[in-house]
Amino acid sequence: MQRCRISEEDRISRLPDDILSHILSFLTTKKAVRTSLLSKRWTDLWQSCDTIDFTDIQVHCNRTNRRCNKLVESVLATTDSRNINTFLLEILYGHPHFAYKVNQPFDDMPIFHNLTHLTLTDSWDLVVQLLHHCPKLQNIELYEAMYVERENEDDDPAVVPQCLLSHLKICTIHNLGRLQREFILPMYILENARVLQTMKIIIWHHSEQSEQSELERKLSLCSKASATCQLFVHV
């Protein structure tokens, strides 16, 4: 039995780095990092994954909040951003005061030169700042927690992110509601994304048909940078 076990381990260890990294890319980043404890062979393999996946993370106290922040900062500092093509960020905070607040530009955030797919649950300002670090982004998916009130809703960023000007083709926004401030982000993207092909809005599931029609009417009247963009609104 032991010989069989050793033989199986040898077969895995003989796999080339790129295959092992591809396998690790199907795990969340938190689990992929844990594989570095297996042996020296696995120590740095997770750093060459093409996906950063911070999903299924829950923060309910100061201790878990510090751990979460430390994990995210450590991964961003050690990962080669040129290898990343997918970035998933979805952290469930037990209380709003745990959530990170953006007060200044991300000077230390790496540029994800090859990132094409981004899934994010966070604030409006964080979304726009992240877009500046993803110049080739083609597909973005945004979730409910981004709808927070801004200090000045008329204060649009002075510089439009490069991905909106030349690469973003698909934008999906989940759980859009009725509040006026919730329209800011989809309108900003529609007004600036020059090659956008599809804007898909999934509205709050308790919304009535009349509310869906009104939301679709408001967004359809918004000026669009892309003449070929199709707008879809679903419950």
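Our subject is the structure listed above.
Residues numbered from 1 in each chain as written. Predicted model: local features only at pLDDT ≥ 70, side-chain atom pairs only at ≥ 80, totals over all residues. Heavy atoms only, no water.

*Asks:* Please explain the side chain of serine 226 as it appears in this structure.
*Replies:* Tracing the backbone shows serine 226 in the loop between helix H8 (209-221) and strand S7 (230-234). On the accessibility criterion, serine 226 (4% relative accessible area) is buried. Side-chain polar atoms of serine 226 contact the backbone nitrogen of cysteine 229, separated by 3.4 Å. With sequence-adjacent residues up to four places away left out, serine 226 is seen in contact with Ala193, Arg194, Val195 and Leu196. (Helix = DSSP H or I, 4+ residues; strand = E, 2+ residues; numbered from the N terminus. Buried < 20%, exposed > 50% of the residue type's maximum accessible area, 1.4 Å probe, protein only. Polar contact = N/O pair within 3.5 Å; in protein donor to acceptor, adjacent residues only side chain to side chain. Contact = heavy atoms within 4.5 Å.)

*Asks:* Would you explain the pattern of salt bridges in this entry?
*Replies:* Charged atoms that come close allow side chains of opposite charge to pair. Applying the stated criterion across every chain yields a total of two salt bridges. Where aspartate 17 meets arginine 41, a salt bridge forms, and the shortest distance between an N and an O atom there is 2.7 Å. With aspartate 17 in helix H2 (residues 17-24) and arginine 41 in the loop between helix H3 (29-34) and strand S1 (51-59), the pair connects residues that are 24 residues apart, well separated along the chain. A relative accessible area of 43% means that aspartate 17 is categorised as partly exposed. (Salt bridge = Lys/Arg side-chain N within 4 Å of Asp/Glu carboxyl O.)

*Asks:* I would appreciate a short explanation of the sheet that holds S1 in the present structure.
*Replies:* Neighbouring strands of a sheet are bound in pairs by backbone hydrogen bonds; such pairs are parallel or else antiparallel. With respect to topology, seven strands assemble into an open sheet ordered S1-S2-S3-S4-S5-S6-S7, the strand pairing being parallel. Single-partner strands in this sheet number two, and they are S1 and S7. Adjacent strand axes in the sheet meet at a mean angle of 5°, parallel and antiparallel pairs treated alike. Where S1 and strand S2 (residues 86-93) come together, seven bridges link them in parallel fashion. If you follow phenylalanine 54 over to S2, its bridge partner there is leucine 89. Here helix H4 (residues 62-78) sits on the sheet in contact with S1 and S2, set at roughly 175° to S1. (Pairing = 2+ DSSP bridges. Axes fitted to C-alpha atoms, helices over the stretch in contact; angles between N-to-C directions.)

*Asks:* I would appreciate a short explanation of empty space enclosed by the protein in the present structure.
*Replies:* By rolling a water-sized probe across the atoms, one finds the places where empty space is left. Taken as a whole, this structure holds one cavity of 30 Å³ or more when the rule is applied. By volume, the largest cavity amounts to about 70 Å³. Around the largest cavity, the lining is made up of 13 residues, and of these Thr29, Trp46, Cys49, Thr51 and Ile52 lie nearest the centre. If you list the elements that add at least two residues to the lining of the largest cavity, you get H3 and S1. (1 Å grid on protein atoms, 1.4 Å probe; cavity = no way out; pocket = protein on both sides within 12 Å on 5 of 7 lines; lining within 4 Å. Points joined across faces, edges and corners; volume = space filled by probe spheres on them.)

*Asks:* Got a minute to help me understand the side chain of serine 21 in this structure?
*Replies:* Relative to the elements of secondary structure, serine 21 occurs in helix H2. On the basis of relative accessible area, serine 21 is assigned to the buried category, the value being 7%. Contacts of serine 21, omitting those with residues within four sequence positions, involve Leu45, Ser48 and Cys49.

Keep in mind these numbers describe shape, not what the thing actually does.
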